[in-house]
2 protein chains.
Amino acid sequence: MKMVASQVVNTYPLSSYTFGTKEPKMEKDTSVADRLARMKVNYMKEGVRTSVEGILLVQEHNHPHILLLQIGNTFCKLPGGRLKPGENEIEGLKRKLSSKLAANSPALQPDWQIGECVAMWWRPNFETIMYPYCPPHITKPKECKKLYLVHLSEREYFAVPKNLKLLAVPLFELYDNVQRYGPVISTIPQQLSRFQFNMIQQ
Amino acid sequence: MKMVASQVVNTYPLSSYTFGTKEPKMEKDTSVADRLARMKVNYMKEGVRTSVEGILLVQEHNHPHILLLQIGNTFCKLPGGRLKPGENEIEGLKRKLSSKLAANSPALQPDWQIGECVAMWWRPNFETIMYPYCPPHITKPKECKKLYLVHLSEREYFAVPKNLKLLAVPLFELYDNVQRYGPVISTIPQQLSRFQFNMIQQ
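Residues numbered from 1 in each chain as written. Chains lettered and ligands numbered in written order. Predicted model: local features only at pLDDT ≥ 70, side-chain atom pairs only at ≥ 80, totals over all residues. Heavy atoms only, no water.

So, about helix α1 (residues 32-46) of chain B. Residues and elements named next belong to chain B. With 15 residues, α1 extends 20 Å between its outermost C-alpha atoms, agreeing within 8% with the 21 Å of an ideal straight helix rising 1.5 Å per residue. Looking only at α1, the buried set comprises Leu-36, Met-39, Asn-42 and Tyr-43. Projected onto a plane normal to the axis of α1, the buried residues spread over an arc of 120 degrees and lie on a single side. Facing away from the buried surface of α1 by more than 90 degrees, the exposed residues are Ala-33, Met-44 and Lys-45. (Helix = DSSP H or I, 4+ residues; strand = E, 2+ residues; numbered from the N terminus. Expected span 1.5 Å × (residues − 1). Buried < 20%, exposed > 50% of the residue type's maximum accessible area, 1.4 Å probe, protein only. Arc of directions from axis to C-beta.)

A word on the state of the cysteines. All names here are of chain B. For the coordinates displayed, the defined rule picks out 0 disulfides over all chains. Cys-117 carries a free sulfur, and the closest cysteine sulfur to it, the one in Cys-144, is 7.9 Å from it. Judged by its relative accessible area of 14%, Cys-117 falls in the buried class. (Disulfide = S-S within 2.5 Å.)

Turning next to empty space enclosed by the protein. One pass over the full model with this rule turns up 2 cavities of 30 Å³ or more. What lines the second largest cavity is Val-9, Asn-10, Leu-57, Val-150, His-151 and Leu-152 of chain B. (1 Å grid on protein atoms, 1.4 Å probe; cavity = no way out; pocket = protein on both sides within 12 Å on 5 of 7 lines; lining within 4 Å. Points joined across faces, edges and corners; volume = space filled by probe spheres on them.)

Looking now at the interface of chain B and chain A. Contact residues are listed per partner, giving 36 residues for chain B and 36 residues for chain A. For the pair chain B and chain A, the summed buried area comes to about 3000 Å², and 67% of that belongs to carbon and sulfur atoms. Linking chain B with chain A are 2 salt bridges. The partner of Glu-116 of chain B in a salt bridge is Arg-194 of chain A, and the shortest N-O contact between them spans 3.9 Å. Applying the counting rule to chain B against chain A returns 4 residue pairs in polar contact (both at pLDDT 80 or more). Looking at the side of chain B that touches chain A, the elements with two or more residues in it are β7 (113-123), β8 (143-151), α3 (171-174) and α5 (188-192) of chain B. Considering every element that reaches the side of chain B that touches chain A, the biggest residue donor is β7 of chain B, with 9 residues. Tallied by class, the residues present in the side of chain B that touches chain A amount to 25 nonpolar, 8 polar and 3 charged. (Contact = heavy atoms within 4.5 Å. Buried area = accessible area lost by both parts, 1.4 Å probe. Salt bridge = Lys/Arg side-chain N within 4 Å of Asp/Glu carboxyl O. Polar contact = N/O pair within 3.5 Å; in protein donor to acceptor, adjacent residues only side chain to side chain. Nonpolar A, V, L, I, M, F, W, Y, C, P; charged D, E, K, R; others polar.)

A few words on the relation of the copies chain B and chain A. Rotating chain B by 180 degrees and translating it 0.0 Å along the rotation axis places it on chain A, where the RMSD comes to 0.0 Å. With respect to symmetry, the two chain copies, as superposed, fit the operation of a two-fold axis. Within chain B, the C-alpha atom positioned nearest to the axis of rotation is that of Gln-191 of chain B, 2.7 Å from it. A high fraction, 100%, of the interface residues of chain B reappear at the interface in chain A, so the copies pair face to face through one surface. (Least-squares fit on C-alpha atoms with pLDDT ≥ 70 in both.)

Before going further, it helps to spend a moment on the packing of aromatic side chains. Tallied over the full model, the rule gives 16 aromatic pairs over all chains. Taken together, a centroid distance of 5.4 Å and an interplanar angle of 75 degrees make the contact between Tyr-43 of chain A and Phe-126 of chain A edge-to-face. Of the two residues, Tyr-43 of chain A sits in helix α1 (residues 32-46) while Phe-126 of chain A sits in the loop between β7 (113-123) and β8 (143-151), which places them 83 residues apart along the sequence. Just above the ring of Tyr-43 of chain A sits the side chain of Lys-142 of chain A; from NZ or CZ to the centre is 5.3 Å. The ring of Phe-126 of chain B carries Lys-142 of chain B above its face, with NZ or CZ at 5.6 Å from the centroid. (Phe/Tyr/Trp six-rings, centres within 6.5 Å; stacked < 30°, edge-to-face > 60°. Lys NZ or Arg CZ within 6 Å of the ring centre and 35° of its normal.)

The subject of this paragraph is the pattern of salt bridges. Residue and element names in this part refer to chain A. Applying the stated rule across the entire model yields 22 salt bridges over all chains. Between Glu-143 and Arg-49 there is a salt bridge, with the nearest N and O atoms lying 3.4 Å from each other. With Glu-143 in strand β8 and Arg-49 in strand β3 (residues 49-60), this residue pair connects regions lying 94 residues apart in the sequence. No difference in accessibility class separates Glu-143 from Arg-49, as the two residues are buried. The partner of Lys-145 in a salt bridge is Glu-53, and the shortest N-O contact between them spans 2.8 Å. Pair noted here: Lys-145 is in strand β8 and Glu-53 is in strand β3, with a separation of 92 residues, a long-range link.

A separate point is the environment of Leu-174 of chain B. Residue and element names in this part refer to chain B. If you trace the backbone, Leu-174 turns up in helix α3. For Leu-174, a relative accessible area of 0% translates into the label buried. Residues Leu-174 and Ile-185, spaced 11 residues apart in sequence, show a C-alpha to C-alpha distance of 7.1 Å. Setting aside its immediate chain neighbours within four residues, Leu-174 contacts Ile-66, Leu-68, Val-169, Tyr-181, Ile-185, Ser-186 and Pro-189.

This part takes up the confidence of the model for chain A. In this model, chain A carries a mean pLDDT of 93, and residues with pLDDT of at least 70 account for 97%. Of the two predicted TM-score estimates for the complex, the pTM is 0.94 and the ipTM is 0.92. (pLDDT = per-residue confidence, 0-100.)

Take the nonpolar core next. Within the largest apolar cluster, 52 residues are counted, with the highest numbers of intra-cluster contacts made by Ile-55, Ile-66 and Leu-192 of chain A together with Ile-55, Ile-66 and Leu-192 of chain B. Apart from residues no more than four positions distant in its own chain, Ile-55 of chain A is found in contact with Ile-66, Leu-78, Val-118, Leu-147, Tyr-148, Leu-149, Val-150, Ile-188 and Leu-192 of chain A. (Core = buried A, V, L, I, M, F, W, Y, C linked by side-chain atoms within 4.5 Å.)

In this fold, His-63 of chain B is placed in strand β4 (residues 63-71). One polar contact links the side chain of His-63 of chain B to the main-chain amide nitrogen of Leu-171 of chain B, over a distance of 3.4 Å. Once you skip the residues sitting within four places of it in the chain, His-63 of chain B turns out to touch Tyr-133, Cys-134 and Pro-136 of chain A together with Val-58, Pro-170, Leu-171, Phe-172 and Met-199 of chain B.

Before going further, it helps to spend a moment on α1 of chain A. Taken together, the buried residues of α1 of chain A touch β3, β6 (80-82), β7 and β8 of chain A. Positive backbone phi, approximately 80 degrees, marks Gly-47 of chain A, located one or two places after α1 of chain A.

What follows covers the pairing of strand β1 (residues 8-11) of chain B. Residues and elements named next belong to chain B. Alternating positions in β1 separate cleanly, Val-9 and Thr-11 being buried on one face and Val-8 and Asn-10 remaining unburied on the opposite face. In terms of strand pairing, β1 meets strand β11 (residues 196-199) through 4 bridges, oriented parallel. Of the residues in β11, the one forming a bridge with Val-9 is Phe-197. (Pairing = 2+ DSSP bridges.)

Have a look at this one:
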């Protein structure tokens, strides 16, 4: 691996994006227990699950913000989801981003530019806990979740499912806030710290 | 920025390295208050401080470990330190790594291969708290600390100052352990999660 210079990420103001709504995208499970049970059934059929999520950056007041989907009043998640067996990660992430954030019209699809993988998390068992490494003695992890940087164009139209809210959350709100955002989302600021953000004003 | 494939980092067993001792390297300050006061004096003379630290990886039991220097009975730090005004980051990190970990003989200097910058932390004020971003409204941060991956060769000889202990600490011990290791070192597992470790057995 060779040394690379600090990488620059362009970010545009939240106000340069347009937001509409589309039909609801309901969660497949109504409880954590249901979700873990379905994960187990899928694992038996298809083996280790790979999921991919996108980190979409915007800026406000010269500080980077991340787009999160809020379900109900508290739970937040990154846009993304599970790959189909054998599906390419980049193509799968584009499919999931369109499903969660694009209008149904093919003419209004954002040009998703998938950047670097910034984090990987492993689920050793059919439980909610995940680790940023495959724990020792775990030879068959049940899921690997990969977080990719998504480079947004200067203008985009997003269509948000009616049952979800799209929030732009500043890095300083995520940092050290595991109670509110969980271990994966609350350490995104640390994973992005090596990038230099080019805040483009308009 | 273009997409890159998951990056591979070779790690060798701890047992492939040899450890000796050398003269003590005393801390310049005997208290946190002294350290912050000296930082302020240096800032007035030289402006923003840049410090560089190295993440040196080894493996044991097929799990990555990081080399940390322990001072006294509890405090751990990464090898590294402050750059001289105008000093190149990579050259400065090599100088600091040799000062902390190399024998005095020029013939025994490790071939330090500095890899990617994996994290940056900012100190907004003359206080101990640092953030993985420059906080909004801070136009003059007092310090920027950069963490670099250091690729070790298969064999090396390290000379550890007599007042310090060199520890190989597993990622699973660092993870979620801010009480023991502080915010910078305890989130190294998350920052390394995107790498694939190639555990070379011997």
